[in-house]
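Residues per chain are reported as follows:
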Amino acid sequence: MRVLVLGAAGLLGSNVVSIAEDRGHDVVGTYHSTAPSFDLPLYELDVRENERFRELLIEHELDVVVNCAALTDVDSCESDSRLAYEVNGEAPGELAAACEGNDIVFVHASTDYVFDGTNADPYTETDEPRPVQEYGASKLDGERTVQSYHSNPLIVRLSFVYGVHRSTDELTGFPAWVRGQLEGGEETPLFVDQHITPSRAGSTAEVLVKAAEQEVSGLFHVASRSCVTPYEFGRRICEAMGASTSLLDEGSQAGLDRPATRPEYTCLDVSKVEDRLGRAQPTLDEDLAAISDAL
Ligand SMILES: NC(=O)c1ccc[n+]([C@@H]2O[C@H](COP(=O)([O-])OP(=O)(O)OC[C@H]3O[C@@H](n4cnc5c(N)ncnc54)[C@H](OP(=O)(O)O)[C@@H]3O)[C@@H](O)[C@H]2O)c1
């Protein structure tokens, strides 16, 4: 397949590039502000530049476009919601329309933050989205514009993405922050009133590429099988590192003064993707074991 990865310098995008190349595909990438250090054709592109995007589609005779580009800072989306809607909401629809017009498969990443967090059990794809902050609302808008403009897109909702960045080889996201805290000898309060099913970027990218190869379309939740609090996640990271948990404290997000509200419970039910691909999603411990060298 000839694959274009939008947002190739991001955590997920870098993993999609790496897995797609490993699986023998021809890969082209775009980046926004900083070029990743991949040895492949790379183009600077703001995903709102639709004419330039259409030129790339024609120039590279693509089979698949994977959109990993997004405004992912939840609090920034709250303070600049117009930009959030342009990048996360409107642009994906325009990208999908261009792909539809050129008979190209469109894969799009979304988020667990489309949910309001009031469930007691993991959210399924048929649960009603009800975002509680601008980031989630803009991403839900993106899902809907993609579904309007492409006849059979693949849309995957992820949760708490972390992993090894495949351009820099650096551990990225929550485990990197926890490790930094431990190395600095800092007391580290971690929330016990938030529940997530962390998505490792590497295992997620593998699902995206395999699903694209099999021309799977529809809406899927792609995350680990483990529904945990950040506190529990931190403890598992310590175990995987062989480090003491003595610096970890039970913390709460309730009293925090942040621009954007976070839902308390956004664990994702992954049975639909497991059934469709005929394989189990990893547990959190399996995902952490897969990046043990980086930990
Ligand atoms: N991170 C999470 O915890 C999480 C959770 C659930 C779902 N997701 C979703 O997963 C996907 C991948 O996220 P990630 O964790 O890989 O995030 P990331 O590392 O922040 O990557 C996002 C990339 O998008 C680029 N970007 C931002 N604005 C752009 C624009 N206008 N045009 C083109 N590119 C632009 C960024 O480039 P610059 O930095 O150069 O601007 C960055 O490289 C996103 O759709 C996100 O919503 C993430």
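Note that the structure is a prediction, hence the values are computed from the model and not measured.

## Comments concerning the packing of helix H4 (residues 81-101) against helix H5 (residues 134-149)
For any two helices packed against each other, one specifies the crossing angle of their axes together with the interaxial distance.
Right, on to step 1. The geometry of H4 relative to H5 is characterised by a closest axis approach of 8 Å and an angle of 15 degrees between their N-to-C directions. Accordingly, the angle class assigned to the pair H4 and H5 is roughly parallel. The interaxial crossing formed by H4 with H5 has right-handed handedness. Here Ser 81, Ala 84, Tyr 85, Asn 88, Gly 89, Glu 90, Pro 92, Gly 93, Ala 96, Ala 97 and Glu 100 of H4 come into contact with H5, specifically with Glu 134, Tyr 135, Ser 138, Lys 139, Asp 141, Gly 142, Thr 145, Val 146, Ser 148 and Tyr 149.
Right, on to step 2. For the contact of H4 with H5, the per-class residue count stands at eight nonpolar, eight polar and five charged.

## Observations regarding the sheet that holds strand S10 (residues 199-200)
Right, on to step 1. Strand order in the open sheet formed by three strands is S8-S7-S10, with mixed pairing between adjacent strands. Both edges of this open sheet fall to strand S8 (171-172) and S10, since each of them pairs with a single strand only.
Right, on to step 2. Pairing of strand S7 (residues 161-164) with S10 involves two bridges; the strand directions are parallel. Looking at the pairing, Val 161 lines up with Ser 199 of S10.

## Things to note about helix H7 (residues 201-213)
One turn of the α-helix equals 3.6 residues, which is why residues spaced by three or four share an orientation.
Right, on to step 1. Given a rise of 1.5 Å per residue, 13 residues ought to cover 18 Å, and the 18 Å separating the end C-alpha atoms of H7 matches this to within 8%.
Right, on to step 2. Within H7, 11 of the 13 residues are buried, leaving the element largely enclosed by the surrounding structure.
Right, on to step 3. Among all positions in H7, only Ala 201, Gly 202, Ser 203, Thr 204, Ala 205, Glu 206, Val 207, Leu 208, Val 209, Ala 211 and Ala 212 are buried.
Right, on to step 4. A positive phi of about 55 degrees marks Glu 215, the residue just after H7.

## A look at the site of the ligand
Right, on to step 1. Near the ligand, the surroundings consist of 26 residues, among which Gly 10, Leu 12, His 32, Ser 33 and Ala 69 are the closest.
Right, on to step 2. Where the shell around the ligand is concerned, the elements lending two or more residues are helix H1 (11-22) and strand S5 (105-111).
Right, on to step 3. Ranked by residues supplied to the shell around the ligand, first place goes to H1 with three residues.
Right, on to step 4. Residues belonging to the shell around the ligand are distributed by class as follows: 13 nonpolar, nine polar and four charged.

## A short note on the sheet that holds strand S11 (residues 218-221)
Right, on to step 1. Read from one edge of the open sheet, seven strands run S3-S2-S1-S4-S5-S6-S11, paired in parallel fashion. In this open sheet, the two edge strands, each paired with only one partner strand, are strand S3 (42-44) and S11. Averaged over all adjacent pairs, the angle separating strand axes in this sheet is 20 degrees, with direction ignored.
Right, on to step 2. Relative to S5, H5 is tilted by about 160 degrees, and along the sheet it contacts S5 and strand S6 (154-158).

## So, the pairing of strand S1 (residues 2-6)
Right, on to step 1. Burial runs high along S1: four of the five residues are buried.
Right, on to step 2. Examined bridge by bridge, S1 and strand S2 (residues 26-31) share five bridges and lie parallel to one another. Bridge pairing in S2 links Arg 2 to Asp 26.
Right, on to step 3. The handedness of the S1 to S2 crossover, carried by H1, is right-handed.
Right, on to step 4. As judged from the four bridges shared by S1 and strand S4 (residues 64-67), these two strands associate in the parallel manner. Its bridge partner lying in S4, Val 5 is registered against Val 66.

Parameters at a glance
Note that residues are indexed from 1 along each chain, following the sequence as it is written. Restriction of local features to residues with pLDDT of at least 70 applies here, the model being predicted, together with a cutoff of 80 or more for giving and counting side-chain atom pairs; totals for whole chains, interfaces and linings are based on all residues. Simply put, an axis is a line fit to the C-alpha atoms, just over the touching stretch for a helix, and the angle between two N-to-C directions goes from 0 to 180 degrees. Helical segments are the DSSP runs of H or I of at least four residues, strand segments are the runs of E of at least two, and each set is numbered from the N terminus. Here roughly perpendicular refers to angles of 65 to 115 degrees, roughly parallel to angles under 35, roughly antiparallel to angles over 145, and oblique to all remaining angles. Left-handed describes a crossing whose near helix is turned anticlockwise from the far helix by less than a right angle; the clockwise case is right-handed. Residues are treated as contacting if the C-beta atoms built from their backbones sit within 7 Å of each other. Residue polarity follows a fixed list, in which Ala, Val, Leu, Ile, Met, Phe, Trp, Tyr, Cys and Pro are nonpolar, Asp, Glu, Lys and Arg are charged, and the others, Gly among them, are polar. For two strands to pair, DSSP has to find at least two bridges joining them. To estimate how far a helix should reach, multiply one less than its number of residues by 1.5 Å. Put plainly, a residue is buried at 20 or more neighbouring C-beta atoms within 10 Å of its own, exposed at 12 or fewer, and partly exposed in between, counting only other residues' C-beta atoms, which are placed from the backbone. By definition, a residue lies near a molecule or strand when the C-beta atom built from its backbone is within 6 Å of it. When the strands point away from the viewer and the path from the first strand over the helix to the second turns clockwise, the crossover is right-handed.

Structural measurements only, silent on function.
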